Amino acid sequence: MIQRLNSKTVLLLILIIISIFINLITLKNGHNWGGDFAQYIINAKNIVEGKPYDSGIMLDLPLLYAPGYPLLIAPIIKYFGVNFILLKLPNIFFWYFFVFFSYKLVSRYIDKETSVLFCVLLAVSSDFFTFKQNVLSDLPFNFFAALSIFLFYKYLDNYGSKNRAKFLFLTICCMAYSFLVRTAGVTLFFAAILYLLIIKKNYWDSLKFALGFIAVYLAQKLSVGNNPGFFYQMLEGKGEYFVLALQANSLTFRSILWSIIPGYTNYTGIVFAFLNKVLLLISPVIFLGVGLKLFYALRKDNPDSPKGLIFVEGFSFIYLMMLLLWSGFPAEPRSFTRYIYPLLPITFIYLYKIVLFVFEKIRLSPSLAQNIVKMFLFFFLLLNLYNIVLAFDYNDDVLFRKENQEMFQWVKNSTNDKETYMTWRPRPIALMTGKVGIAPWISHKNPLSQLSYKLDNYNARYIIVSKESDKFLIDICENQKDFSDLVWENATFKIYKVRKVGK
């Protein structure tokens, strides 16, 4: 039995190695439009060049991003410049170490063979296969969150030994860097403090975690500042945002589903579409169940097992509540999936334990339940491999397309600091041209008045529009008399020079 298990494990490990190689050779130059990636890269360039952290991004910059990720990519930019393939290369490292730490977590509660199979499914994720083309902070955060959980377990495992202080310090440091990569890292601190206060009754160590968070928060605030722009947007609508968040309560669970079964091909699309409808109906029940499970565990006379699952449950619940709040910003599972990666290990542990519980209640063999879980894991693994085969040449770069390069060149040659531009893509254009612009954040109520005011306020004289997606702006530029003149266009873009501003 042991020999057979080892043979299977070796084969699965070989599959992981092959998947690493495939992901390495399919890294592509360039990037999609996005915007966040450009801000991170400019932040990193500013760090390398000793410039103000938020300079050169856009004139009406709505918020600052934490410096953890720019610090990680700054060495690449310092020695190799803005090389997109090298900037994407750390994604491979972060993802496969996340797979490793997921195994370390899952295997504490589930048999090793099933744990390995689950981690192979993560390793061959077709969602990661496409997402790795992004220069974003999500995968580094995912890694540091998983590493923080691993170190917290080391701290618990050494609770009565002299190594406890060492692992406590390492855990606080790792959680602090998680926070510097993404503000969501605060959930790790909250979970650790909750666990130590309620389960361990260890007020001194919980204070250390609280002080660690305060220290990293102040360090970030004093070094680069902070701008809670999204939180202001949440509060501006006088409760409307929170209604939207509740209406989109299924988004997190549907995104978890997408991460396992990305529905962008024929077969996976059918499976995803069916399960997606199920989750739309039952997600409130799932939220309630997760909350009650954690509450019940905390109320038990002796709730803490030697393996400390309640810490992970606490982190997952707090993070889940944060994602519920975040759901108020309109999104689809495909774009929201990057936020749910830290929840994948605990989701699988829960699902596995639910299957075992059901089989126990109907008096069926636990081994049958294990085999059924393995069968589904293998089926999902095949679906992801199928997706990768079809998407093998996936390349979402737009920056190096001929039409876009022509537009970048025009911006370089025709704009200056005194007469800047307005566009829906100011951050990528700033990265590619070194010229800073503004975004047309206006409502459809009195749009010309709002547009004119903003153009005048920032001394923007050019409006850059996409022929495909900026119909609203094109209509204003072409149908408002004496407002602007078309000064340049190609197959993709039009650029208008504004005649009258502030009227």
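Engineer: Explain the pattern of salt bridges to me, please; I cannot follow it from the model alone.
Structural biologist: Using the criterion set out here, one finds 15 salt bridges in the structure. Where Glu 489 meets Lys 467, a salt bridge forms, and the shortest distance between an N and an O atom there is 2.9 Å. Taken together, the residues Glu 489 in strand β3 (residues 484–489) and Lys 467 in the loop between β2 (460–466) and α22 (471–479) connect sequence positions 22 residues apart. What makes Lys 467 partly exposed here is its relative accessible area of 24%. With its nearest N and O atoms 2.8 Å apart, the salt bridge here joins Glu 478 to Lys 494. Note that Glu 478 is positioned in helix α22 and Lys 494 in strand β4 (residues 493–498), a separation of 16 residues in sequence. Residue class for Glu 478 comes out partly exposed when judged on its relative accessible area of 43%. On the accessibility criterion, Lys 494 (16% relative accessible area) is buried. A single network of salt bridges, built from pairs that share partners, joins Asp 36, Asp 138, Arg 182, Arg 338 and Arg 427.

Engineer: Mind showing me how you'd approach the sheet that holds β4 here?
Structural biologist: Hydrogen bonding along the main chain pairs the strands of a sheet, whether they run parallel or antiparallel. The strand order β1-β2-β4-β3 describes an open sheet built from 4 strands, whose pairing is mixed. For this open sheet the edge positions go to β1 (420–422) and β3, each flanked by a neighbour on one side alone. Shown here is a sheet whose adjacent strand axes are inclined to one another by a mean of 30°, direction ignored. One ladder, built from 5 bridges, connects β2 with β4; its direction is antiparallel. Residue Ser 466 lies in a different strand from β4, and its bridge partner there is Phe 493.

Engineer: Is there a simple way to think about the side chain of Ser 206 in this case?
Structural biologist: In this structure, Ser 206 sits in helix α10 (residues 203–223). There is a polar contact of 2.8 Å between the side chain of Ser 206 and the backbone oxygen of Tyr 203. Those residues within four positions of Ser 206 in sequence are excluded, and the remaining contacts are Ile 193, Leu 196 and Leu 197.

Engineer: Can you help me understand the pairing of β3 in this one?
Structural biologist: On a regular strand, one side chain projects to one face of the sheet and the next to the other, so that they alternate. Of the pairings in the sheet, the one linking β3 to β4 comprises 5 bridges and is antiparallel in character. Bridge pairing in β4 places Asp 485 opposite Lys 497. Adjacent in sequence and paired antiparallel, β3 and β4 are bridged by 3 residues.

Engineer: How should the confidence of the model for the protein chain be read in this particular structure?
Structural biologist: In regions of low pLDDT, the predicted coordinates are not meant to be interpreted in detail. With 93% of its residues at a pLDDT of at least 70, the protein chain reaches an overall mean of 89. Per-element confidence in the protein chain is highest for helix α3 (residues 68–80), whose mean pLDDT is 97, and lowest for helix α11 (residues 229–236), whose mean pLDDT is 60.

Engineer: Is there a simple way to think about a nonpolar patch on the surface in this case?
Structural biologist: A contiguous nonpolar surface patch, about 730 Å² in accessible area, is contributed by Trp 204, Leu 207, Leu 211, Ile 214, Tyr 217, Leu 218 and Leu 222. Its place among the elements puts Tyr 217 in helix α10. Owing to a relative accessible area of 30%, Tyr 217 belongs among the partly exposed residues under this scheme.

Engineer: How should the packing of aromatic side chains be read in this particular structure?
Structural biologist: How two aromatic rings sit relative to each other is given by the distance of their centres and the angle of their planes. Per the stated rule, a full pass over the model turns up 47 aromatic pairs. Relative to Phe 143, the ring of Phe 93 lies with its centre 5.5 Å away and its plane at 55°, an arrangement referred to as tilted. Of the two residues, Phe 93 is situated in helix α4 (residues 84–106) and Phe 143 in helix α7 (residues 138–157); the sequence distance between them amounts to 50 residues. Taken together, the ring pairs connect Phe 93, Phe 94, Phe 97, Phe 100, Phe 101, Phe 143, Phe 144, Phe 150 and Tyr 177 into an aromatic cluster. Lying across the ring of Tyr 159, Arg 164 places its NZ or CZ 4.3 Å from the centre. We note Arg 182 situated over the ring of Phe 141; from NZ or CZ to the ring centre the distance is 4.8 Å.

Engineer: Explanation requested: the nonpolar core in the structure shown.
Structural biologist: A general trend in soluble globular proteins is that nonpolar side chains are found buried together. Counting residues in each nonpolar core, the largest one holds 136 residues, and the members touching the most others are Phe 37, Ile 41, Trp 95, Phe 152, Phe 209, Phe 311 and Met 407. Top element by residues in this core is α7. It accounts for 13 residues. Sequence-distant contacts of Phe 311, that is, excluding residues within four places in its chain, are made with Ile 149, Phe 152, Met 175, Leu 188, Ala 191, Ala 192 and Tyr 195. Counting 15 residues, the second-largest nonpolar core is a separate cluster that includes Ile 438, Leu 455, Leu 473 and Ile 476.

Rules of the game
- Residues numbered from 1 in each chain as written.
- Predicted model: local features only at pLDDT ≥ 70, side-chain atom pairs only at ≥ 80, totals over all residues.
- Heavy atoms only, no water.
- Salt bridge = Lys/Arg side-chain N within 4 Å of Asp/Glu carboxyl O.
- Helix = DSSP H or I, 4+ residues; strand = E, 2+ residues; numbered from the N terminus.
- Buried < 20%, exposed > 50% of the residue type's maximum accessible area, 1.4 Å probe, protein only.
- Pairing = 2+ DSSP bridges.
- Axes fitted to C-alpha atoms, helices over the stretch in contact; angles between N-to-C directions.
- Polar contact = N/O pair within 3.5 Å; in protein donor to acceptor, adjacent residues only side chain to side chain.
- Contact = heavy atoms within 4.5 Å.
- pLDDT = per-residue confidence, 0-100.
- Patch = residues over 30% accessible without salt bridge, like charges linked within 9 Å, V, L, I, M, F, W, Y side chains within 5 Å.
- Areas by Shrake-Rupley, 256 points an atom, 1.4 Å probe, with all protein chains shown as cover.
- Phe/Tyr/Trp six-rings, centres within 6.5 Å; stacked < 30°, edge-to-face > 60°.
- Lys NZ or Arg CZ within 6 Å of the ring centre and 35° of its normal.
- Core = buried A, V, L, I, M, F, W, Y, C linked by side-chain atoms within 4.5 Å.

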